[in-house]
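# Reading the structure
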Amino acid sequence: MARYNDEMAAAVLGEIHQREVVEFLQRLIQFPTVNPPGDVRDAVTFCAEVLQGEGFSTRTVRVVETKPHLIAEYGPGNGPVLCFNAHLDVVPPGEVSEWTYPPFGGVVAHERVYGRGAGDDKASVTAQVMAGIALARSGAPIRGKLVINEVADEETAGPAGVIAVIESKEVVPDYVIVGEQTMNRVAIGEKGYSGCEIVVHGKTAHGGMPWEGVNAIEGMAEVIVALRRELWPRLKDRTHPYFQPSAGTVNMIEGGVARNVVPDRCSIYIDRRAMPGEDLAASAQEVRAIVEEAIKAVPGATVEVLIPRAYPAMMSQPDAPHVQAMVNANRYLDLDTELTGFNMGSDGRFFAAAGYPTIIYGPGDPRIAHIRDEWVGIEEVMTATRAYALTALELLGV
């Protein structure tokens, strides 16, 4: 059960105001923090100034001038450290003329806020900032420290991102709650990721005499069919109580020299998502065995498998304090208390890899992230703000 009573909860929740929350989110969306290039300086300055005005101390960490990471702290520091983390960078909007509302307008309509990053991830940033402000305004006695860490470069998972914060040791948390689109469900972990590039090599020849060459695209066709027939069904059988099944998908393909030339090279990129407990090295070998057998159907062709990056799945224990605090907040607010997993990637994997207990929680539907006319429901953001505030009250309250 939660460590706070109704009076304590009411004092904190009473400091959360819809107009203030919505206006903050609108302003954040109006900063075009598209990555690339990923310049979040104005958005960080905005968040820092608001938090400073509410009694937070603020500073930044950066390895690239245009990609600062905000660290805002509140509390005496004589106890546990709770870190709220979310990201300020957003993906490009695509063809702007196809949007119903301007992608950087932060337009409110139909009880939603529209714009690039409305859900991914500025709704979470807003909820975390406003939750921290509510805790500070309430005057609730706390121990330890609340850290609000809003970062750059999440969308590209680059070295200028949250890795810079972790390596700097400017934030050494006992608990981390990463804001992403979980529809305000408690995600106690996220799938592993193993990006895999497969390259088929052949031999060029004139298109009029294809028998003189080795067609790399035809070789890749054999590879893709083999993956679909052999690997994809296996992955569907790898399940976990908190996650959807393991998955693989061919997301990019490149090949060909000219319309009248037999291609000597073709490459694909596989997005591979893994369950907790899956061995990513074994996963790579599994792919390699299938494609090396498949390429034999095209004499003279060769294949190589490249693994540019891999991150194992991460998961907190269901009975861990930060998990139960978040569950208690949802219970208090009459929300879903069933634990789940996050099927996409987040900065949570980097915190977890550094040894910091991490969960994922936030407003918005992940299916709406990165699409045209991206939006988030106002009530979703309000609910997330309340849940973050109650979680902080439980973990840090005296």
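A brief structural summary. (Residues numbered from 1 in each chain as written. Predicted model: local features only at pLDDT ≥ 70, side-chain atom pairs only at ≥ 80, totals over all residues. Heavy atoms only, no water.)

## Points about the packing of helix α8 (residues 321-332) against helix α10 (residues 378-396)
- The geometry of α8 relative to α10 is characterised by a closest axis approach of 8 Å and an angle of 130 degrees between their N-to-C directions. Judged by the inter-axis angle, α8 sits oblique to α10. Considering how the two elements wind past one another, α8 and α10 form a crossing that is right-handed. In this structure, α8 uses Pro321, His322, Ala325, Met326, Asn328, Ala329, Asn330 and Tyr332 to contact α10, whose residues at the interface are Ala387, Tyr388, Leu390, Thr391, Glu394 and Leu395.
- Split by residue class, the contact of α8 with α10 holds nine nonpolar, four polar and one charged. (Axes fitted to C-alpha atoms, helices over the stretch in contact; angles between N-to-C directions. Helix = DSSP H or I, 4+ residues; strand = E, 2+ residues; numbered from the N terminus. Parallel < 35°, antiparallel > 145°, perpendicular 65-115°, else oblique. Left-handed = near helix turned anticlockwise from the far one by under 90°. Contact = heavy atoms within 4.5 Å. Nonpolar A, V, L, I, M, F, W, Y, C, P; charged D, E, K, R; others polar.)

## Quick word on the packing of helix α6 (residues 216-236) against helix α7 (residues 280-294)
- Running from N to C, α6 and α7 point in directions that differ by 140 degrees, and their axes come no closer than 9 Å. The orientation of α6 relative to α7 falls into the category oblique. Every pair of crossing elements has a handedness; the one defined by α6 and α7 is right-handed. Where α6 abuts α7, its residues Glu222, Val223, Ala226, Leu227, Glu230, Leu231 and Arg234 lie against Glu286, Val287, Ile290, Val291 and Ala294.

## Topic: unusual backbone geometry
- With an omega of 5 degrees, the peptide bond between Pro36 and Pro37 qualifies as cis.
- With respect to the helices, strands and loops of the structure, Pro37 is situated in the loop between α2 (18-29) and α3 (41-52).
- Here the bond from Asp120 into Asp121 is cis, since omega is 15 degrees, no more than 30 degrees from zero.
- Within the element layout of this structure, Asp121 appears in the loop between β5 (112-114) and α4 (122-138).
- Even without being glycine, Lys169 reaches a positive phi, approximately 60 degrees.
- Note that Lys169 resides in the loop between α5 (162-168) and β7 (175-178).

## Some points on the packing of aromatic side chains
- Summed over the entire model, instances satisfying the criterion amount to nine aromatic pairs.
- Measuring from ring centre to ring centre gives 4.6 Å for Tyr101 and Tyr114, while their planes differ by 40 degrees; the resulting arrangement is tilted. Of this pair, Tyr101 sits in the loop between β3 (81-87) and β4 (108-109) while Tyr114 sits in strand β5, placing them 13 residues apart in sequence.
- Feature note: the residues Phe24, Phe31 and Phe46 constitute an aromatic cluster, connected by ring pairs.
- Directly above the aromatic system of Trp375 lies the positively charged group of Arg112, at a separation of 3.6 Å from the ring centroid.
- One cation-aromatic arrangement involves Arg349 over Tyr311; the distance from NZ or CZ to the ring centre is 4.5 Å. (Phe/Tyr/Trp six-rings, centres within 6.5 Å; stacked < 30°, edge-to-face > 60°. Lys NZ or Arg CZ within 6 Å of the ring centre and 35° of its normal.)

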